Amino acid sequence: MAAQISKKRKFVADGVFYAELNEFFTRELSNEGYSGVEVRVTPARTEIIIRATHTQDVLGEKGRRIRELTTLVQKRFKFPENTVELYAERVQNRGLCAVAQCESLKFKLLNGLAVRRACYGVVRFIMESGAKGCEVVVSGKLRAARAKSMKFVDGFMIHSGQPTRDFIDTAVRHVLLRQGVLGLKVKIMLDWDPTGKTGPKKPLPDMVTIVDPKEEEAPAGPMSQDFSAPPAAAPVQQQQPVSA
Amino acid sequence: MAPKYVVEHMEDGMHEWCQLEYKHMLSRIGADNLYFSGLTETTLETMPEDLKKAHCHSTDVLSLPGITLDQVCLLDPAAKEPLAPEDADRFTYFLFGGILGDDPPRDRTGELRKLGFANRHLGPVQMTTDTAVNVTRTVLEDKVPLDQIPYIDHPEIKFSKKESVIMPFRYIAVDKQVIHTPTGERRTVQKPLMPPGMFELLKKDNEASFEF
């Protein structure tokens, strides 16, 4: 960084950079199932990781496409040579990625598939990938009909509170019709996953698990337990107190 | 003199949706006071028999026999004044655009507004053509003010536990008796007033595909 930027400006600039990258890749890589970027700044270089479902197409023939994208990013944001690197990463579970499913729905409708068939296909794929619930809404005007919103749901969905930020993945896409716009909304509610890979680590706040009581031996008679510190020269064979 | 209702058909062809709405209108108003204008030759041929009982014209509204500009009131969402029961004495003909609407509306009523009619609005939310005619009839003939009619806005119509449709329009609310099955008690529920057969048509629409 040549000049010193104030911290506030730096954060805003980072946000704008991320937003522009995201928008550019959304438009450019919609056919490759693009679903997000991650920007990592290291002292030597800036790494941009592109998450997509068809990583092979993002890389191109012998890495050609990704090199072109790198040059574009470098020239647009005026990065010095060799300071920006692009990596493509495959999305682990594309059935749980709202952006990927929204793009898939968009392509199905653009290819002339019936609304019910396209939406049920998407809903079924999402639920089979292990989601807790999902909701797909298609809003627009069919020819010879009035404008309406068609909604397809399955499973369980929450609507309010902080858990919506942790558990729900949403995506909105616009498709241009001859006269007007079609709106697609996909909302996926993830299941909780202690490993953190396919969902948040903590369960819903109002989920209560009642554990079975542990097996215990009934005490034989009155007993007393000594919790004071054990003597300094303690023999190896020490009588262990009966643990509760 | 009973008000006359004129619907200027602004769609290409007589689609099933239009047919259901127009038949609903006919059942409420009667064939004598209902006029259809702007029907093309092909539309006139494909019109169902019961709709032909109303006055059908292929010319536009101003060419209807005996009609003059000052007798007509256009029902227009962009008008400044709401419709009132007194308008029944001032105007004879009430004009509606037979439009299958978009959301947000594309203001196709503007094509009729250009002809210079006096206009009145029916509230801020878009209505289907048959709802608009029914509301107008209730205001003018039953003398109920516009804001005292019970409405339902943007109803969600469920086909199954997994599928539903939200209609972004205003409908008149009617009471329907629903039996509450677990306990067997009767409850009155408000439902939107829709033409008979509309539920099946909405369900069928989900099987259509979009044109690009």
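On a predicted model such as this, the values are computed, not experimentally measured, just so you know.

Here the focus is the overall build of chain B. Along the backbone of chain B there are seven helices and 11 strands. C-alpha extents for chain B along the principal axes are approximately 60 × 40 × 30 Å. Across the 212 residues that make up chain B, the buried fraction comes to 50%. Contacts in chain B between residues at least 24 apart in sequence constitute 62% of all its contacts with a sequence separation of at least 6. Total accessible area on chain B is roughly 10400 Å²; 51% of this is exposed by carbon and sulfur atoms. The averaged location of the 34 negative side-chain charges in chain B is 6 Å from the averaged location of its 24 positive side-chain charges.

Residue and element names in this part refer to chain A. Counted according to the given criterion, the structure contains 11 aromatic pairs over all chains. For the pair Phe17 and Phe79, a centre-to-centre distance of 5.9 Å together with 65° between the ring planes defines the contact as edge-to-face. Here the residue Phe17 occupies a position in helix α1 (residues 7-28), and Phe79 occupies one in the loop between α3 (64-76) and β3 (84-90), the gap between them amounting to 62 residues. A residue is classified by how much of its surface remains accessible, and Phe79, at 18% relative accessible area, is buried. With centroids separated by 6.0 Å and ring planes inclined at 45°, the aromatic side chains of Phe25 and Tyr34 adopt a geometry described as tilted.

Moving on: the interface of chain A and chain B. Facing 29 residues of chain A, the contacting portion of chain B comprises 34 residues. When chain A packs against chain B, the two sides together hide about 2900 Å² of surface, and 54% of this comes from carbon and sulfur. Looking at the side of chain A facing chain B, the largest losses of area belong to Arg116(A), Arg146(A) and Lys151(A), adding up to 27% of the total buried there. Between chain A and chain B we count seven salt bridges in total. In this structure, Lys151(A) and Glu156(B) form a salt bridge, with 3.8 Å as the shortest nitrogen-oxygen distance. Taken together, the links from chain A to chain B amount to 17 residue pairs in polar contact (both at pLDDT 80 or more). If you list the elements that add at least two residues to the side of chain A that touches chain B, you get α4 (98-110), α5 (115-128), β4 (133-141), β5 (147-155) and β6 (168-177) of chain A. Broken down by element, the side of chain A that touches chain B gets its largest block of residues, eight residues, from β5(A). Among the residues making up the side of chain A that touches chain B, the classes are represented as 18 nonpolar, three polar and eight charged.

It is worth spelling out the pairing of strand β5 (residues 93-98) of chain B at this point. Residues and elements named next belong to chain B. The buried count for β5 comes to six of six residues, which makes it a mostly enclosed element. Where strand β1 (residues 4-9) lies against β5, six bridges are found, and the strand directions are parallel. Paired with Lys4 across the bridge in β5 is Tyr93. Across three bridges, strand β4 (residues 72-75) lies against β5 in parallel orientation. Residue pairing in the sheet places Cys73 in a bridge with Phe94 of β5.

On to α4(A). Given 3.6 residues per helical turn, the α-helix brings residues three or four places apart onto the same face. Residues and elements named next belong to chain A. When the terminal C-alpha atoms of α4 are compared, their 18 Å separation across 13 residues agrees well with the 18 Å that a helix rising 1.5 Å per residue should span. In this fold, the buried residues of α4 make contact with α1, β1 (34-41), α5, β4, β6 and β7 (180-189). Gly112, located one to two residues past α4, shows a positive phi value of around 85°.

Right, let's get into the sheet that holds strand β2 (residues 46-52) of chain A. Residues and elements named next belong to chain A. The strand order across the open sheet built from three strands is β1-β2-β3, with neighbouring strands paired in mixed fashion. The strands lining the two open edges of the sheet, one partner per strand, are β1 and β3. Within the sheet, the average angular offset between the axes of one strand and its neighbour, ignoring direction, is 20°. In this sheet, β3 lies alongside β2 in parallel orientation, the contact comprising seven bridges. When the bridges of β3 are listed, Ile49 appears paired with Tyr87. Against the sheet, α1 contacts β1, β2 and β3, and its axis sits at roughly 145° relative to β1. Across the sheet, α3 touches β2 and β3, and the angle it forms with β3 is around 135°.

With that settled, the discussion passes to the pairing of β6(A). Relative to β7(A), β6(A) runs antiparallel, the two sharing 10 bridges. Looking at β7(A), one finds that His174(A) is bridged to Gly183(A).

So, about the pattern of salt bridges. All names here are of chain B. Considering all chains together, one arrives at 30 salt bridges over all chains under this definition. Asp102 serves as the salt-bridge partner of Arg106, at 3.1 Å between the closest nitrogen and oxygen. One continuous salt-bridge network, built from bridges that share partners, spans Glu81, Asp87, Arg90 and Arg120.

Thresholds applied
Residues numbered from 1 in each chain as written. Chains lettered and ligands numbered in written order. Predicted model: local features only at pLDDT ≥ 70, side-chain atom pairs only at ≥ 80, totals over all residues. Heavy atoms only, no water. Helix = DSSP H or I, 4+ residues; strand = E, 2+ residues; numbered from the N terminus. Buried < 20%, exposed > 50% of the residue type's maximum accessible area, 1.4 Å probe, protein only. Contact = heavy atoms within 4.5 Å. Areas by Shrake-Rupley, 256 points an atom, 1.4 Å probe, with all protein chains shown as cover. Lys, Arg positive; Asp, Glu negative; His and termini not counted. Charge placed at Lys NZ, Arg CZ, Asp CG, Glu CD. Phe/Tyr/Trp six-rings, centres within 6.5 Å; stacked < 30°, edge-to-face > 60°. Buried area = accessible area lost by both parts, 1.4 Å probe. Salt bridge = Lys/Arg side-chain N within 4 Å of Asp/Glu carboxyl O. Polar contact = N/O pair within 3.5 Å; in protein donor to acceptor, adjacent residues only side chain to side chain. Nonpolar A, V, L, I, M, F, W, Y, C, P; charged D, E, K, R; others polar. Pairing = 2+ DSSP bridges. Expected span 1.5 Å × (residues − 1). Axes fitted to C-alpha atoms, helices over the stretch in contact; angles between N-to-C directions.

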